[in-house]
Amino acid sequence: MKTQVLFIQGGGSGAHQEDAALVGSLRRELGTSYDVLYPQMPHEDSPDYQAWKLQIRKELEGLQGEIILIGHSVGGYILLKYLSKEKQPDTSIVGLCIIAAPYPSGDENWEFEGFALPKDFGAKLPANAEIFLYHSHDDQIVPFAHVLLYANALSKATVRETNGGHQLNNNLVMVAEDIKGL
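Described in the following lines is the structure provided in the data block. (Residues numbered from 1 in each chain as written. Predicted model: local features only at pLDDT ≥ 70, side-chain atom pairs only at ≥ 80, totals over all residues. Heavy atoms only, no water.)

### Some remarks on the pairing of strand β5 (residues 130–136)
Piece 1. Along β5, 6 of the 7 residues are buried, which leaves the element largely enclosed by surrounding structure.
Piece 2. In the sheet, strand β4 (residues 92–99) pairs with β5 via 5 bridges, with the strands oriented parallel. In the sheet register, Ile98 faces β5, and the bridge partner there is Leu133.
Piece 3. Here β5 pairs with strand β6 (residues 158–162) via 5 bridges, running parallel. (Buried < 20%, exposed > 50% of the residue type's maximum accessible area, 1.4 Å probe, protein only. Helix = DSSP H or I, 4+ residues; strand = E, 2+ residues; numbered from the N terminus. Pairing = 2+ DSSP bridges.)

The following block contains the structure:
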């Protein structure tokens, strides 16, 4: 059975189409041993946790075997919120890759009503999942400092500092290498 990878897109108008280049890079780098799933999230132009959590649950319920979850930008934040708040289906999540995700506190430019993670969210994530955090120094959408806030909250996470802006130059070689190492 192929290892299944679920990629949760970022938010904003046209985000699914824009993140398709990231998914294309990931598929090329991982090859045929992995099945990379890329659902379109509802209301991408104004991401809503309630709507996205239903789609994430639906996607997870259809997966079997070892699973790797990837979230880009707001999709990474919502994925972390989902995993730390909701009851999980019977799956084996072995990897969690969060790319350029905004952190919901510590930066007044990113503090919005409802934009929060549960207290001690890191302790509520799947216990056996290796966690990787990726962020570019030259990200002009989500400041690099956000990955440091996540690293502080997720002490067992591996931080990968990159370049290539918010979209990592549409190159997920580093993510694919980490996934292959799981």
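### Overview of the sheet that holds strand β2 (residues 34–37)
Piece 1. Strand order across the open sheet formed by 6 strands is β2-β1-β3-β4-β5-β6, with parallel pairing between neighbours. This sheet does not close on itself; its edge strands, each paired only once, are β2 and β6. Neighbour-to-neighbour, the strand axes of this sheet turn through a mean angle of 20 degrees, independent of strand direction.
Piece 2. Summarising the sheet, strand β3 (residues 66–72) and β4 pair through 7 bridges and their orientation is parallel. For Glu66, the partnering residue across the bridge sits in β4 and is Ser92.
Piece 3. Sitting on the sheet, helix α4 (residues 145–153) touches β5 and β6, and the angle it makes with β5 is about 160 degrees. (Axes fitted to C-alpha atoms, helices over the stretch in contact; angles between N-to-C directions. Contact = heavy atoms within 4.5 Å.)

### Observations concerning the environment of Gly75
Piece 1. Mapping Gly75 onto the fold places it in helix α3 (residues 74–85).
Piece 2. Among the residues examined, Gly75 registers a relative accessible area of 0% and is labelled buried.
Piece 3. Sequence separation between Gly75 and Asp107 is 32 residues, and the spatial gap between their C-alpha atoms is 18 Å.
Piece 4. In this structure Gly75 touches Ile8, Gln9, Gly10 and Trp52, once residues within four positions along its chain are discounted.

Just geometry here; none of it tells us what the structure is for.
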